[in-house]
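Coordinate analysis (summary)
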Amino acid sequence: MSRNPEVLWAQRSDKVYLTVALPDAKDISVKCEPQGKFSFSARGVQGESFDLSLELYGAIVPEGCKTKVGLRNILCSIQKEQKGWWKRLLKSEEKPAPYIKVDWNKWCDEDEEESSSDLASDNDDSAYVGQDDESSDDEGMLYLPDLEKARGN
C-alpha cells in the first residue's frame, strides 16, 4: 500500500513551487501534464512506496517543470501556462488533503512579488540544494556542552 508524502506549496505569478518532504527518497519519478496534472512517486528509506497525484488549479507547461532532489525533500518548480495568481493549488474546491500545506517560508503575496527576489530562479541551483536549512532538527535547541568534557573525563 502506498502512502502520501507531506507536500508544501507556494506560488508566484508564473510558477508554483511544490516541496515534497521525503528524506532519502529513491526511485523518484515526477510527471507534469499540460492540463495541470502533477504526479509523483518514490520509495522511502525503508522501501515503502509513496505516490501523489494532484489536479492543479490551472494548466501548466510540462517543459517548464524542474525538479531538484535534496537530502530531506524534493523541490519542484512548475511553470504556469498563463501568468497570474491562482486562488488555490488544486482544481477541486474541496478542502485539500491534510498532507498538503502552504509553504510559508516561500510564500509571497501578489503585491510583494515585485520587491522580492525569485526563490528558485532556474539559473540558481543553490535555491534548491540545501533549502531545508530552516527546517533543521536542531532548530530552537540550545547548545549544551558534552557532559564528559564538562566533567574533565
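Below you will find a few notes about this structure.

The rules we used
- Residues numbered from 1 in each chain as written.
- Predicted model: local features only at pLDDT ≥ 70, side-chain atom pairs only at ≥ 80, totals over all residues.
- Heavy atoms only, no water.
- Patch = residues over 30% accessible without salt bridge, like charges linked within 9 Å, V, L, I, M, F, W, Y side chains within 5 Å.
- Areas by Shrake-Rupley, 256 points an atom, 1.4 Å probe, with all protein chains shown as cover.
- Salt bridge = Lys/Arg side-chain N within 4 Å of Asp/Glu carboxyl O.
- Lys, Arg positive; Asp, Glu negative; His and termini not counted.
- Charge placed at Lys NZ, Arg CZ, Asp CG, Glu CD.
- Helix = DSSP H or I, 4+ residues; strand = E, 2+ residues; numbered from the N terminus.
- Buried < 20%, exposed > 50% of the residue type's maximum accessible area, 1.4 Å probe, protein only.
- Core = buried A, V, L, I, M, F, W, Y, C linked by side-chain atoms within 4.5 Å.
- Contact = heavy atoms within 4.5 Å.
- Pairing = 2+ DSSP bridges.
- Axes fitted to C-alpha atoms, helices over the stretch in contact; angles between N-to-C directions.
- Phe/Tyr/Trp six-rings, centres within 6.5 Å; stacked < 30°, edge-to-face > 60°.
- Lys NZ or Arg CZ within 6 Å of the ring centre and 35° of its normal.

1. Some points on a negative patch on the surface
- The grouping of Asp 109, Glu 110, Asp 111 and Glu 112 at the surface amounts to a negative patch.
- Within the secondary structure layout, Asp 111 lies in the loop between β8 (100-102) and α1 (147-151).
- Taking the relative accessible area as the measure of exposure, Asp 111 reaches 66% and is therefore exposed.

2. Brief notes about the nonpolar core
- The biggest cluster of nonpolar side chains holds 24 residues, and the ones touching the most others in it are Leu 18, Phe 38 and Ile 78.
- The set of elements that each furnish at least two residues to this core consists of β1 (6-11), β2 (15-21), β4 (37-43), β5 (49-55), β6 (60-69) and β7 (73-80).
- The residues touching Ile 78, leaving out its near neighbours within four places in the chain, are Asp 14, Lys 15, Val 16, Leu 18, Cys 32, Phe 38, Leu 56, Ile 60, Gly 64 and Cys 65.

3. Thoughts on the sheet that holds β1
- Taken in spatial order, the five strands make up an open sheet running β6-β7-β2-β1-β8, and their pairing is mixed. Unpaired on one side and paired on the other, β6 and β8 mark the two borders of the sheet. Neighbour-to-neighbour, the strand axes of this sheet turn through a mean angle of 25 degrees, independent of strand direction.
- The pairing of β2 with β7 spans seven bridges and is antiparallel. Opposite Ala 21, over in β7, you have Asn 73 as the bridge partner.

4. Examining the packing of aromatic side chains
- For the structure on display, the rule yields three aromatic pairs.
- Where Trp 9 meets Trp 107, the ring centres are 5.3 Å apart and the plane angle is 90 degrees; that geometry is what we call edge-to-face. Of this pair, Trp 9 sits in strand β1 while Trp 107 sits in the loop between β8 and α1, and the two are 98 residues apart along the sequence.
- Trp 107 sits in the partly exposed class, given a relative accessible area of 26%.
- Aromatic rings pair up to connect Trp 9, Trp 104 and Trp 107 into one cluster.
- Cation over ring: Lys 80 sits above Trp 85, and NZ or CZ is 5.7 Å from the ring centre.

5. Describing the pattern of salt bridges
- One pass over the structure, following the stated rule, counts four salt bridges.
- A salt bridge links Glu 33 to Lys 31, with the shortest nitrogen-to-oxygen separation between them at 3.7 Å.
- Overall, Glu 33 belongs to the partly exposed group, its relative accessible area being 21%.
- With a relative accessible area of 48%, Lys 31 lands in the partly exposed category.

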